[in-house]
Amino acid sequence: MLLNFPNALTCCNLICGCMATGAAFHGHFEWAFIMIILGAVFDFFDGMAARALGISSPIGKELDSLADVVTFGVAPSAMVFQLFGFVQYPEWLLPLAPYMPYTAFIMAAFSALRLAKFNLDDRQATSFIGLPTPANALFWSSLIVGQLSFLASPRFNAVFLFLFMLMFSFLLIAEIPLFSLKFKDFSWEHNSVKFIFIAGALLLLLLLRDVSAVSLIILWYIALSMITWKMRK
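These figures come from a predicted structure and were not determined experimentally.

J.: What should I look at first to understand the side chain of N136 in this one?
T.: Here N136 shows up in helix α5 (residues 133–146). Apart from residues no more than four positions distant in its own chain, N136 is found in contact with F72, M107, S111, L131, F168 and L172.

J.: When you look at the packing of aromatic side chains in this model, what are you seeing that I'm missing?
T.: The geometry of an aromatic ring pair comes down to the distance between the two centres and the angle between the two planes. Enumeration over the complete set of coordinates arrives at 18 aromatic pairs. With a centroid separation of 5.5 Å and an interplanar angle of 85°, the aromatic rings of F139 and W140 are classed as edge-to-face. What makes F139 buried here is its relative accessible area of 1%. Between F197 and Y221 the ring centres are 5.7 Å apart and the planes differ by 65°, which places this aromatic pair in the edge-to-face class. Here Y221 lies in helix α9 (residues 213–232) and F197 lies in helix α8 (residues 188–208), a separation of 24 residues in the sequence. Judged by relative accessible area, F197 falls into the buried class, the value being 8%.

J.: Any chance you could explain unusual backbone geometry here in plain terms?
T.: Most peptide bonds are trans, and most residues other than glycine sit at a negative phi. A positive phi angle, near 50°, is found at R209, a position not held by glycine. Summarising the element assignment, R209 is placed in the loop between α8 and α9.

J.: Is there a simple way to explain the state of the cysteines in this structure?
T.: Covalent bonding between the sulfur atoms of two cysteines defines a disulfide. Applying the stated criterion across every chain yields a total of zero disulfides. For C12, which is in no disulfide, the shortest distance to another cysteine sulfur is to C16 and amounts to 6.8 Å. Of the residues examined, C12 reaches a relative accessible area of 27% and is grouped as partly exposed. Take C18: it sits in no disulfide, and the sulfur closest to it among the cysteines is that of C16, at 9.3 Å.

J.: Just checking my understanding: could you explain the packing of helix α3 (residues 58–83) against helix α4 (residues 105–120) for this structure?
T.: To characterise two packed helices, one gives the angle between the axes of the helices and the distance between these axes. Their axes nearest at 8 Å, the elements α3 and α4 cross at an angle of 155°. Relative to α4, the element α3 lies roughly antiparallel. Relative to α4, the crossing made by α3 is right-handed. From α3, K61, S65, D68, V69, F72, G73, V74, P76, S77, A78, V80 and F81 reach across to α4, where they touch F105, M107, A108, S111, A112, L115 and N119.

J.: Just to check I follow, could you spell out the packing of α4 against helix α7 (residues 158–173) for this structure?
T.: Packing of α4 against α7 leaves a shortest axis separation of 8 Å and a crossing angle of 10°. The pairing of α4 with α7 is recorded here as roughly parallel in orientation. In contact with I106, M107, F110, S111, L113, R114 and K117 of α4, α7 contributes M165, L166, S169, L172 and I173. Grouping the amino acids of the contact of α4 with α7 by side-chain chemistry returns eight nonpolar, two polar and two charged.

Conventions adopted
Each chain has its residues counted from 1, running along the sequence as written. Where totals are concerned, whole chains, interfaces and linings use all residues; where local detail is concerned, this predicted model gives features only for residues with pLDDT of at least 70, and gives and counts side-chain atom pairs only at 80 or more. Water and hydrogen atoms play no part in the side-chain values, which are based on all heavy atoms of the structure. Where helices and strands are cited, they refer to DSSP runs of H or I of at least four residues and of E of at least two residues respectively, numbered from the N terminus. Any pair of residues with heavy atoms lying within 4.5 Å of one another is described as a contacting pair. Stacked, edge-to-face and tilted labels apply to pairs of Phe, Tyr and Trp rings (six-membered ring for Trp) whose centres lie within 6.5 Å, assigned for plane angles under 30 degrees, over 60, and everything in between, in that order. Think of it in three bands: residues with accessible area under 20% of the maximum for their type are buried, residues over 50% are exposed, and the middle band is partly exposed, with areas taken using a 1.4 Å probe on protein chains only. Here, two cysteine sulfur atoms that lie within 2.5 Å of each other are counted as a disulfide. In this description, a line fitted to the C-alpha atoms serves as the axis of each element, helices being fitted only across the stretch in contact, and the angle between N-to-C directions of two axes falls anywhere from 0 to 180 degrees. Here the angle decides the label: under 35 degrees means roughly parallel, over 145 means roughly antiparallel, 65 to 115 means roughly perpendicular, and every other value means oblique. When the near helix sits turned anticlockwise from the far one by under a right angle, the crossing is termed left-handed; a clockwise turn instead gives a right-handed crossing. Ten residue types, Ala, Val, Leu, Ile, Met, Phe, Trp, Tyr, Cys and Pro, are classed as nonpolar, four, Asp, Glu, Lys and Arg, as charged, and the remainder, Gly among them, as polar.

Here you go:
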């Protein structure tokens, strides 16, 4: 049982992803958001448990990717699918309105591609290249829960949603380095970017005190990573 404990945690992640997907298709966005967060917690601890127990197996690695595709790929795509039913459509796009929701699953496909690249890319041992799928899932789920009234208003429409979804799909596989929040030590010299990010994230949480703060934190993470990348270049 001890040897299978990390895989059990991964399966819990998968179950959370399935529940989030089901909740999204029924329009229960808050429940889907909670399940994605819980899935991210299980995803964090399954790797930690495997390292603590000294257990590493090919099946564990494959299972982890399969679970992540569901929780951080399919589930947020299902939320965007439902969101297409809430947003406004320009008059010229109304004939395509019944079909537009299905474009949300482009993001699920790019999430799967991102995870496949991660498994084969030795450059991502201590940092990321492309937006991590959990960050993408948290961005969309928190944005939809916190800003649904704005997204469904005339100030936003299906064209913006489609383009925004394509942009984040591209970020999943883009050759853009993004820093990891793993700490080997707590010195300023080695972790200055991480400390700046955490300070900014706490400030956003204190100022907004809203679920949508999570989506702004993800944008802050992307922006800070790109600034750091440009400065180092």
